[in-house]
Each structure stands twice: as structure tokens, then as C-alpha cells.
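Breakdown of the fold
Residue-level listing of the chains:
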Amino acid sequence: MGTKCIGVDLGGTTTKFGLLDREGQVEDKWEIPTRKEDAGSHILSDIAESILKKLKDKGIDKEDIIGVGVGVPGPVGNDGKLTKCVNLGWFEPFYPEKTLSEMLGGIPVKAGNDANVAALGELWKGGGAGYKNAVFFTLGTGVGGGVVVDGRMIAGSFGMGGEVGHITVNPHEPDACNCGNHGCLEQYASATGIVKQAQRALAKSDRPSVLRDMDGFTCKDVLDAAKDGDALAAESVEGSMRYLALVMSFASHITDPEVFIIGGGVSKAGVYLTDMLKRLYAGYIYVSDPQAEVALASLGNDAGMYGAARLVL
Ligand SMILES: [Zn+2]
């Protein structure tokens, strides 16, 4: 029986690898560029080649590898079927576990959606360590997520489990989301969404704000201004986070998690953000005392690698 596993975080630009033991101790970490040309046809063979080379260099037997877990930026069903990964150039459904396992000479492979997998990583070794029921939100360019029940990640029947970013929170939103729907959580609570909501707030009135004098501003600028007491920025951020708190309350009424874990670039705002979310979330919970914790993710860019490794353990 093997003693080691490999976690692969397949991203649009870089693919990150980790060689871990059963307890999650990282023995080695490396990365390769993700070659997306030719409809992404080199991606899996590059991964296989890189893993086999690493095993050879380190003198590790294939039999000593329990398996290879891969987080991919697209929906993966419980049967391992990947519907599509638009940003990798994969438009046709296929079974990456089977393909990659064949390339690796039979090493077992397990794949999962990258946001789900990052959630699993945080639950194992990060901000959610010690919890068995959690809902994870990654607030980055978009909003990703993961739902863990009794220690198991819920991939769902059609790979839509944990796609919290595309829950409709405002059916009256005039602009369309990247997914085509109107009023998705992602349109407000992502970094892009926070900037857009601040721009809207500025356009709606002549109220003073430090953002008004900036020649273009980032999500960090908005969050910094809000923290520094800029009323317009603070109200705008609160408006965005109110939608996230609403979705947290949906989650509580469905799976009743012990903890919400907030990760991604926006989470760098730290306790300012989690305190605000706790307060707003409490406003939507009446059935029980609000008991779920709101915690910050702690693994940063390594969450995907840890979670992918955890998939095969
Ligand atoms: Zn959407």
C-alpha cells in the first residue's frame, strides 16, 4: 500500500504540484506552466510527464503513490465527468481521471472542481481544520465555493454543487453575469463586483469619498477606504456583503454548517470583513441563534494543492 500522494492544482496559467504523505506533510512542491494551445490537448500529458519525472528523480516507486488528485477549473460530477473547462480550451465533456490515470501507467486519479477542492484543503489543513460541516466562499475575480457535509465534499449530480457564486441574489439586476444570468452573488461579492458597486454608488450622488479623486480604483482601494471610515465606500462594501450574508443564510437553512470559511483576494480585508459578515448574517437567522462561525481561509494559493491530495486519501 502506498504512503504518499500527489495534489495537482490545475490553473489557467500555472499548474502547481505537491508531494505529500498521508498526514499532509508536504515533501516537495513544484509547478509548470499550463500550455493551453491546441485546445488544451497538452495539459494532461504535461502533468503526467512532470509527475513521472519527479518520481524518477526522487527514486519513488509508482506503487508508493496512493493516488493523484487534481483540482480543475470546471464542473466535475460524482462520476468524474468534466462537462467543460472554457478557460483551458476544453469544450467537450470527458473523463480526465481515466485519461490521466492511463498516462500515469495506472496510478489512481481523482478530479474535482477547483473551488470545491480548495474548500477541502482548507477543511483539512487550513481555516476550517477540525470542522466537519462547512461552506467555503472564495472571493476573487469571481466567487467560487464548496460545501462540505460530514467531512465529504458535495460535488452534486451535475457538478453544480457548491457553485455559490451563481446563486441569484437580485433578480432585478439590469446587467448580465458572465454566466448569462442576472443578479448572481458574483456580481456583487467578487473583487470585480465590489469595484462595480462602488462605481455605481459614486455615480448615484455627489457625496464625498476618497474614491472620487482616484483615477480608477481597485477592490483593495475600496476595502481600504471602507476600513478608514469612508462612509460611501463602507456602505457600498456592506451592500455587497449583505448579498453574501444572504447566501450564507440560505446555506444554513439547507446544510446547517458549523463554519463559513472566507478565502480569495477579497478576504485579505480580514476581521473587518468577517465581523461585518457575522453581523449581517445574524440579521437573516431567526430559526436558531446564529451559531455558525465565520473564519478566514489560511492556506492561500496552496489550498488547491492540499485539497487535491486529500481527494485521494
Ligand atoms: Zn452568474
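What counts and what doesn't
Residues numbered from 1 in each chain as written. Predicted model: local features only at pLDDT ≥ 70, side-chain atom pairs only at ≥ 80, totals over all residues. Heavy atoms only, no water. Helix = DSSP H or I, 4+ residues; strand = E, 2+ residues; numbered from the N terminus. Rg over C-alpha atoms; globule rule 2.2 N^0.38 Å. Buried < 20%, exposed > 50% of the residue type's maximum accessible area, 1.4 Å probe, protein only. Contact = heavy atoms within 4.5 Å. Areas by Shrake-Rupley, 256 points an atom, 1.4 Å probe, with all protein chains shown as cover. Lys, Arg positive; Asp, Glu negative; His and termini not counted. Charge placed at Lys NZ, Arg CZ, Asp CG, Glu CD. Pairing = 2+ DSSP bridges. Axes fitted to C-alpha atoms, helices over the stretch in contact; angles between N-to-C directions. Donors = N, O, S within 2.8 Å, 3.2 Å for Na, K, Ca; no water. Tetrahedral: all angles 85-135°; square planar, octahedral: opposite > 155°, others 65-115°. Salt bridge = Lys/Arg side-chain N within 4 Å of Asp/Glu carboxyl O. Polar contact = N/O pair within 3.5 Å; in protein donor to acceptor, adjacent residues only side chain to side chain. Phe/Tyr/Trp six-rings, centres within 6.5 Å; stacked < 30°, edge-to-face > 60°. Domains from an automatic or database assignment. Buried area = accessible area lost by both parts, 1.4 Å probe. Nonpolar A, V, L, I, M, F, W, Y, C, P; charged D, E, K, R; others polar.

1. A few points about the overall build of the chain
Looking only at helices and strands, one finds 10 helices and 10 strands in the chain. A globule of 313 residues ought to have a C-alpha radius of gyration of about 20 Å, and the chain, at 20 Å, matches this closely. Across its three principal axes, the chain shows a C-alpha extent of roughly 65 × 45 × 35 Å. Counting across all 313 residues of the chain, residues that qualify as buried make up 52%. Sequence separation of at least 24 residues holds for 60% of the intrachain contacts in the chain that already meet a minimum separation of 6. Accessible surface computed for the chain: about 14600 Å², of which carbon and sulfur atoms make up 52%. Mean positive and mean negative side-chain charge positions of the chain (30 and 40 charges, respectively) differ by 2 Å.

2. What to know about the sheet that holds strand β8 (residues 152-153)
In space, the 5 strands of this open sheet follow the order β8-β7-β6-β9-β10, with mixed pairing throughout. Looking at which strands have only one partner, the edges of the open sheet turn out to be β8 and β10 (293-296). Its contacts with the sheet place helix α4 (residues 114-125) against β6 (134-139), β7 (143-149), β8 and β9 (259-263), and it is angled at close to 55 degrees to β7. With respect to the sheet, helix α9 (residues 271-282) is in contact with β6, β9 and β10, its orientation differing from that of β10 by roughly 160 degrees.

3. Some points on the coordination of the zinc ion
Six octahedral donors around a metal ideally sit at 90 or 180 degrees from one another, while four tetrahedral donors ideally sit at 109.5 degrees. For the zinc ion, the full set of protein donor atoms is H166 (ND1), C177 (SG), C179 (SG) and C184 (SG), and the range of their distances to it is 2.0 to 2.3 Å. For the zinc ion, the 4 donor atoms are set out with angles of 106 to 117 degrees between them, so the coordination reads as tetrahedral.

4. Re the pattern of salt bridges
Once the charged atoms of two side chains with opposite charge are near each other, the side chains can pair. Considering all chains together, one arrives at 16 salt bridges under this definition. In this structure, the salt-bridge partner of D46 is R35, at a minimum N-O distance of 2.9 Å. Taken together, the positions of D46 in helix α2 (residues 43-58) and R35 in the loop between β3 (26-33) and α1 (37-40) put the pair 11 residues apart, joining distant regions of the chain. Close ionic contact of E238 with R279 constitutes a salt bridge, the shortest N to O distance being 3.2 Å. Here R279 lies in helix α9 and E238 lies in helix α8 (residues 231-254), a separation of 41 residues in the sequence. One network of salt bridges, in which partners are shared, links E173, D175, K196 and R200.

5. A word on the side chain of Q187
With respect to the element layout, Q187 can be found in helix α5 (residues 186-189). For Q187, the side chain forms a polar contact with the main-chain oxygen of A176, separated by 3.5 Å. Excluding residues within four positions of it along the chain, Q187 makes contact with E173, D175, A176, C177, N181, H182, G193 and Q197.

6. Some words on the environment of L280
Inspection of the secondary structure puts L280 in helix α9. Distance in space between the C-alpha atoms of L280 and R35 is 43 Å, their sequence separation being 245 residues. Residues contacting L280, with those up to four places away along its chain left out, are E238, M241, R242 and A245.

7. Description of the packing of aromatic side chains
Summed over all chains, the structure comprises 6 aromatic pairs. Measuring from ring centre to ring centre gives 6.3 Å for F137 and F260, while their planes differ by 35 degrees; the resulting arrangement is tilted. Residue F137 is located in strand β6, and its partner F260 is located in strand β9; the two are separated by 123 residues in the primary sequence. The exposure classification of F137 matches that of F260, with both residues buried. Pairing Y188 with Y243 gives two aromatic rings, centres 4.3 Å apart and planes at 40 degrees, and the pair type is tilted. Here Y188, found in helix α5, pairs with Y243, found in helix α8; they are 55 residues apart in sequence, far enough to count as distant.

8. Some remarks on the environment of A245
Locating A245 in the fold gives a position in helix α8. A C-alpha to C-alpha distance of 29 Å links A245 and C85, two positions 160 residues apart in sequence.

9. A few points about the sheet that holds strand β4 (residues 65-72)
The strand order across the open sheet formed by 5 strands is β3-β2-β1-β4-β5, and the pairing between neighbours is mixed. A strand with exactly one partner marks an edge of an open sheet, and here the two such strands are β3 and β5 (109-113). Ignoring which end each strand starts from, the neighbouring axes of this sheet average 15 degrees apart. Against the sheet, helix α3 (residues 96-103) contacts β4 and β5, and its axis sits at roughly 145 degrees relative to β5. Across the face of the sheet, helix α10 (residues 303-311) comes into contact with β1 (4-10), β2 (14-21), β3, β4 and β5 while running at roughly 130 degrees to β1.

10. Description of the domain arrangement of the chain
One widely used convention gives an interface's size as the accessible area the parts lose upon coming together. For the chain, the assigned domains are domain 1 (4-117) and domain 2 (127-297). In this structure, domain 1 and domain 2 have C-alpha centres spaced 30 Å apart. In this complex, domain 1 contributes 8 residues to the contact, which on the side of domain 2 involves 13 residues. Interface of domain 1 and domain 2: buried area, both sides summed, is about 720 Å²; carbon and sulfur atoms make up 45% of it. If you sort the residues of domain 1 by the area they bury against domain 2, N78, A115 and N116 come out on top, with a joint share of 64%. At the boundary of domain 1 and domain 2, one finds 2 residue pairs in polar contact (both at pLDDT 80 or more). Looking at side-chain class alone, the side of domain 1 that touches domain 2 contains 4 nonpolar, 4 polar and no charged residues.

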